[in-house]
Each structure stands twice: as C-alpha cells, then as structure tokens.
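Observations on the model geometry
Residues per chain are reported as follows:
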Amino acid sequence: MTDNIDWNVIELTEIYESFDMVLRLLDEDFERARRVIDAAIKHGADAESMAEPIEEFAMELHAFCEAINGLKDKQANKTQNA
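Scope of this entry: the structure provided in the associated data block. (Residues numbered from 1 in each chain as written. Predicted model: local features only at pLDDT ≥ 70, side-chain atom pairs only at ≥ 80, totals over all residues. Heavy atoms only, no water.)

**Thoughts on the pattern of salt bridges**
This is how it is decided: The working definition used for a salt bridge is a side-chain nitrogen of Lys or Arg within 4 Å of a carboxyl oxygen of Asp or Glu. Here a helix means four or more residues in a row that DSSP labels H or I, a strand means two or more in a row labelled E, and each is numbered from the N terminus. Three exposure classes are used, based on accessible area relative to the maximum for each residue type with a 1.4 Å probe and protein chains only: buried under 20%, partly exposed in between, and exposed over 50%.
For the structure shown, the criterion picks out 4 salt bridges. Between K42 and D38 there is a salt bridge, with its nearest N and O atoms 3.3 Å apart. Separated by 4 residues within a single helix, K42 and D38 lie in helix α1 (residues 7-42), roughly one turn from each other. Looking at K42, the relative accessible area reads 65%, which means it is exposed. Classification of D38 by relative accessible area gives partly exposed; the value is 37%. The network of salt bridges with shared partners includes E31, R34 and R35.

Following this line, the structure appears as structure tokens:
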C-alpha cells in the first residue's frame, strides 16, 4: 500500500501550504506597513521615501525568480542541444 504514495506530491502540497502562510503573513505585514506609512504621512513624512525600502524587498524577490527562470532556460537549452 505504501507503494502508491507519491511523496513528491505530498512534499509539493506542504510547500504550497507554506507558501500560502507566507502570503497571509505578507498581507498582514503589508497592511501594518500601510497603516504606519499613512500615520507618518499625516505627520509630514514623504510617502515615496517611506515606501522605498519595501520596494527593495520586492525587487530582490523578483530578481531571485528571474535568476531561477534563467537557470531553467539554460538547462532546457543544454538538454535540447545534447
């Protein structure tokens, strides 16, 4: 019976569940950051300067994903050329 278990699917499911949790936490943190930024703006802070550090995190995550996609493309090309 254990021969029918696809451990890869189970592991992938756990990864997606973890990712869902990360998204929920990011959503909560984003809302918290929005409230703090809003309060700072009401007291004279510059909105763009307050949001700039958050942008760096988004750009870093985007660069990470782009690098992974680049590696996948290189691997696909090697496989096709082999």
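Let us keep going from here.
**With respect to a negative patch on the surface**
Formally: Note on patches: the residues involved have over 30% relative accessible area and no salt bridge, like charges join within 9 Å, and the nonpolar side chains Val, Leu, Ile, Met, Phe, Trp and Tyr join within 5 Å. Areas reported as accessible are Shrake-Rupley estimates using a 1.4 Å probe. Residue values count occlusion only from the protein chains shown. Counted charges follow a simple rule, with Lys and Arg positive, Asp and Glu negative, and His plus the chain ends left uncounted. By convention, charge coordinates are those of NZ in Lys, CZ in Arg, CG in Asp, or CD in Glu.
Taken together, the side chains of D46, E48, E52, E55, E56 and E60 make up a negatively charged region of the molecular surface. Mapped onto the secondary structure, D46 falls in the loop between α1 and α2 (47-81).

**What about the packing of α1 against α2?**
The line we're drawing: Here, axes are lines fitted to C-alpha atoms. For helices the fit covers the stretch in contact, and angles between N-to-C directions go from 0 to 180 degrees. To sort the angles, those under 35 degrees are grouped as roughly parallel, those over 145 as roughly antiparallel, those from 65 to 115 as roughly perpendicular, and the leftovers as oblique. By the definition used in this description, the sense in which the near helix is turned from the far one sets the handedness, with an anticlockwise turn below a right angle giving left-handed and a clockwise turn giving right-handed. Every residue pair with non-hydrogen atoms within 4.5 Å of one another is taken to be in contact. Each residue gets one of three labels, nonpolar for Ala, Val, Leu, Ile, Met, Phe, Trp, Tyr, Cys and Pro, charged for Asp, Glu, Lys and Arg, and polar for the others, Gly among them.
Two numbers describe how α1 lies on α2: the axes approach to 9 Å, and their chain directions differ by 155°. Taken together, the axes of α1 and α2 lie roughly antiparallel to each other. Handedness of the α1/α2 crossing: right-handed. Every residue of α2 that contacts α1 at A33, I37, A40 and I41 is listed here: A47, M50, A51 and I54. Classifying every residue of the contact of α1 with α2 by side-chain character gives 8 nonpolar, no polar and no charged.

From the geometry alone we can't say anything about function, so treat these as descriptive.
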